[in-house]
Amino acid sequence: MPTEPLPTRPAWAALRSHHGELAGTHLRDLFATDPDRGERLTAEACGIYLDYSKHRITDQTLRLLLQLADESDLRGRIDAMFSGAKINVTEDRAVLHVALRAPKQAVIEVDGLNVVPGVHEVLDRMAEFATSVREGKWLGHTGKPIVNIVNIGIGGSDLGPVMAYEALRHFSARELTFRFVSNIDGTDFAEATRDLDPAETLFIVSSKTFTTLETMTNASTARDWLLAELQDRSAIAKHFVAVSTNAEAASEFGIDVMNMFGFWDWVGGRYSMDSAIGLSTMIAIGADGFRDLLAGFHEMDEHFRTAPFEANLPVLLGLLTVWYADFFGAQTQAVLPYDQYLKRFPAYLQQLTMESNGKHVTLTGDAVDYATSPVYWGEPGTNGQHSFYQLIHQGTELIPCDFIGFLHSMNPLGSTSGPTHHDLLTANVFAQGEALAFGKTADEVRAEGTPEWLVPHRVFEGNRPSSTMLIERLTPHSLGVLIALYEHSVFTQGTIWTINSFDQWGVELGKVLAKKVAAELGAPDEPELGHDSSTNALIRRYRAARREV
Ligand code: G6Q
C-alpha cells in the first residue's frame, strides 16, 4: 500500500503542472507535429487493438502517469490481489475473481487453502446440469422437458448474466427461452412469465447471500406461480435451482441440495458473472462456450499481471480515466460499443465501475480531496449518434469516449456491390473518433459557403478525446477478454485513488430505510411517523391511496 496520500505523490504534482502546459494544445497540433502518433500510441494484447492516440496526452503525460502507477504501488497491489491477500479491508476478504478463471493446475490460496479445485468442481457440476437442460434431459415435474430458463437475481446476480446472454445470443441454444427477473416491481415478474408454461419452466435463484429483498420476493412469487399450476410442493425440486453461498437459506426455501451451485465470499457480486452466477450463460452457450469465456478472462488476467505497464491495456485505460477525471474535471465517461449484441454492456459497466470506485474515503478512512469514479454511460452505436452525440461533439462537457468496434460481424448482411451493413457501422466508429478529435474550424465551415451567422453553430471545436478498441469478432472468448479489461482498469483506477474498489457500503442506508418505510406503508393502524416532513407526507399520501383500493 502506498504510504503517501495521493496528492503528495511526486507524479501528482508533476501531472498538475504538466496539465497546465498541455491544456491549450489541440489534438490537431499533436498529430501535425507527430505524424506517427496514430500508429505509435497503440497497444495490442489478447486480441484487442487499442488506439489511444486520440487522447490529450504526450509521451511526457504517459511517463508521468506510469510514474504515478509506480508511486501508487500498482505492482504490489496486483500481486496482492492475485495471491489471495485480503485487500477488501472493510469486509476482511480476499478479492479473487481471477481464481474463477484460473486453469485447473493453478494454485491460489486463501488462508492457506488452495481454492482452485473447488472452483473446478463447481464448474463441472454446472456443466453436467447445463448439458442435461440443453439436451432436453432435465424434466419438469410433469415429465415435460424444460425449455424456459428464468434467472432471478439483482445487481451483480443479474447484470452480468443478462449482459452475457444478450452479448452471446449468436452462440445460444435458440430452442430455449431465457428471461431475467430483477426488479421488485411486480411488473418485471409478470411480464417475464406471462407466456410461459410452469411445467416447462426452470427458475435459477441467483443470490450470493440468499437474503436480498428483491430476489427473495421474486423467488417466492415464482414458487407461488409454479405451485398454483402444479399443485405439489415436490415440484420445487425440479423447477428451482439455487446459486448461492448460503446453502442453508436455499434449503429452507425448498431447493434440493443437489440443485445448488456454490461460490465463495471472495467473489464480489459485480465480479461474479464467471462464477456459478453464470449458470444461465452456461445453459445458453454450453459448457464449452463457457470455458471459452473463462479462457478469455484468464488471458487478460495474465496480461494484466505480467505485461509491462506501458504496454498493459487495463493499466493504460485506467490511467487515462484518472487523467481526465482528476486533471480535466471530466465527470463522465461514455462507453460506445458498435455492436448491437453489446446493448447491455454499458449497464453492466455502470455497476462494475461506479459501485467499485464511487467512493469518498481512502482505504484508511480519510476523506479524499480529489475526484474518484466518473459516471459511466452509453448506448450501442449507431443509435447513440442520433440521440446524445450532439452533446459530446458540441456541448460544454468534456466526455472521454471508449469506442468498441469489431472487424467482423456475426451477422454479415448487405449487398456485394456497395458497402455492407458492417462497413457502414465501422465507418461510423472511425468517423466519430475523427470528428471528435479534429472537429471543423470556422474557416472550414466558411469555405463550404455557410452564411456567417450560421458559422458558429456549425463549428466543431474538436480536441475531444477517445480510445478506439478493435476486436476480431464478438465471441465468448473475446467477451471474457473485454470484461476482464474493464475489471482491471477499475482496479488500476482504485489503486491510484487508494480506495477500496470491492465494498459497497453506499447501498446500505437506502435498504435499511426501505424496510422501515415498507412496514409503515402496510401498517394496519396509522403509524407514528418519525421521518422528515417530506418523507412523512409522501408516506401518508401513499397510505391514503392504498386505503382507497
Ligand atoms: C455487487 C453488489 C450487489 C449484489 C446484489 C445482489 O457487487 O454486492 O449488486 O450483487 O445486491 O446480492 P445477492 O447476490 O446477495 O442477492
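Up top you'll find the structure we're talking about.
Let us look at the structure shown here. Keep in mind the model is a prediction, meaning the values are calculated, not measured.

Examining the packing of helix 5 (residues 74-82) against helix 12 (residues 279-306)
Here comes step 1: Direction vectors running N to C along helix 5 and helix 12 enclose 140°, while the axes themselves pass 9 Å from each other. Classified by the angle their axes make, helix 5 and helix 12 are oblique. Taking contact as the criterion, the partners of Arg 75, Ile 78, Met 81 and Phe 82 in helix 5 are, on helix 12, Asp 301, Phe 304 and Arg 305.
Here comes step 2: Of the residues assigned to the contact of helix 5 with helix 12, the class counts are four nonpolar, no polar and three charged.

Focus: helix 9 (residues 213-230)
Here comes step 1: When the terminal C-alpha atoms of helix 9 are compared, their 26 Å separation across 18 residues agrees well with the 26 Å that a helix rising 1.5 Å per residue should span.
Here comes step 2: Listed as buried for helix 9 are Thr 215, Met 216, Asn 218, Ala 219, Ala 222, Arg 223, Trp 225, Leu 226, Leu 227 and Leu 230.

So, empty space enclosed by the protein
Here comes step 1: Tallied over the entire structure, the rule returns five cavities of 30 Å³ or more.
Here comes step 2: Estimated volume of the largest cavity: approximately 80 Å³.
Here comes step 3: Together, His 55, Leu 317, Leu 320, Thr 321, Tyr 324, Gln 333, Tyr 376, Pro 400, Asp 402, Ser 467, Tyr 486 and Ser 489 line the largest cavity.
Here comes step 4: Mapped by element, the contributors of at least two residues to the lining of the largest cavity are helix 13 (313-327) and helix 19 (476-497).
Here comes step 5: When residues in the lining of the largest cavity are grouped by element, the largest group, four residues, is from helix 13.
Here comes step 6: When grouped by side-chain class, the residues that make up the lining of the largest cavity number six nonpolar, five polar and one charged.
Here comes step 7: In terms of lining residues, the second largest cavity is bounded by Leu 100, Val 119, Val 122, Leu 123, Met 126, Gly 262, Trp 264, Asp 274, Ser 275 and Ala 276.
Here comes step 8: If you tally residues by element for the lining of the second largest cavity, the top one is helix 6 (residues 116-134), at four residues.
Here comes step 9: Residue composition of the lining of the second largest cavity, by class: seven nonpolar, two polar and one charged.

Let's talk about the pattern of salt bridges
Here comes step 1: If you walk through the whole model with that rule in mind, you get 26 salt bridges.
Here comes step 2: Salt-bridge contacts for Asp 503 lead to Lys 359; the nearest nitrogen and oxygen are separated by 2.9 Å. Pair noted here: Asp 503 is in the loop between helix 19 and helix 20 (508-522) and Lys 359 is in the loop between helix 14 (345-357) and strand 11 (375-377), with a separation of 144 residues, a long-range link.
Here comes step 3: With a relative accessible area of 5%, Asp 503 lands in the buried category.
Here comes step 4: In this structure, the salt-bridge partner of Asp 443 is Arg 446, at a minimum N-O distance of 2.9 Å. You can see Asp 443 and its partner Arg 446 sitting in helix 17 (residues 442-447), three residues apart, about one turn around the helix.

Let's talk about the site of the ligand
Here comes step 1: Among the 13 residues in the neighbourhood of the ligand, the closest are listed as Ser 157, Ser 207, Thr 209, Thr 212 and Gln 351.
Here comes step 2: Thr 209 has a polar side-chain atom sitting 2.6 Å from an oxygen atom of the ligand.
Here comes step 3: At 2.7 Å, a side-chain N or O of Arg 270 approaches an oxygen atom of the ligand.
Here comes step 4: Burial of the ligand by the protein chains amounts to 86% of its free accessible area of 410 Å².

Conventions adopted
Residues numbered from 1 in each chain as written. Predicted model: local features only at pLDDT ≥ 70, side-chain atom pairs only at ≥ 80, totals over all residues. Heavy atoms only, no water. Axes fitted to C-alpha atoms, helices over the stretch in contact; angles between N-to-C directions. Helix = DSSP H or I, 4+ residues; strand = E, 2+ residues; numbered from the N terminus. Parallel < 35°, antiparallel > 145°, perpendicular 65-115°, else oblique. Contact = heavy atoms within 4.5 Å. Nonpolar A, V, L, I, M, F, W, Y, C, P; charged D, E, K, R; others polar. Expected span 1.5 Å × (residues − 1). Buried < 20%, exposed > 50% of the residue type's maximum accessible area, 1.4 Å probe, protein only. 1 Å grid on protein atoms, 1.4 Å probe; cavity = no way out; pocket = protein on both sides within 12 Å on 5 of 7 lines; lining within 4 Å. Points joined across faces, edges and corners; volume = space filled by probe spheres on them. Salt bridge = Lys/Arg side-chain N within 4 Å of Asp/Glu carboxyl O. Near = heavy atom within 4 Å. Polar contact = N/O pair within 3.5 Å; in protein donor to acceptor, adjacent residues only side chain to side chain. Areas by Shrake-Rupley, 256 points an atom, 1.4 Å probe, with all protein chains shown as cover.

All we've got here are geometric facts, nothing functional implied.
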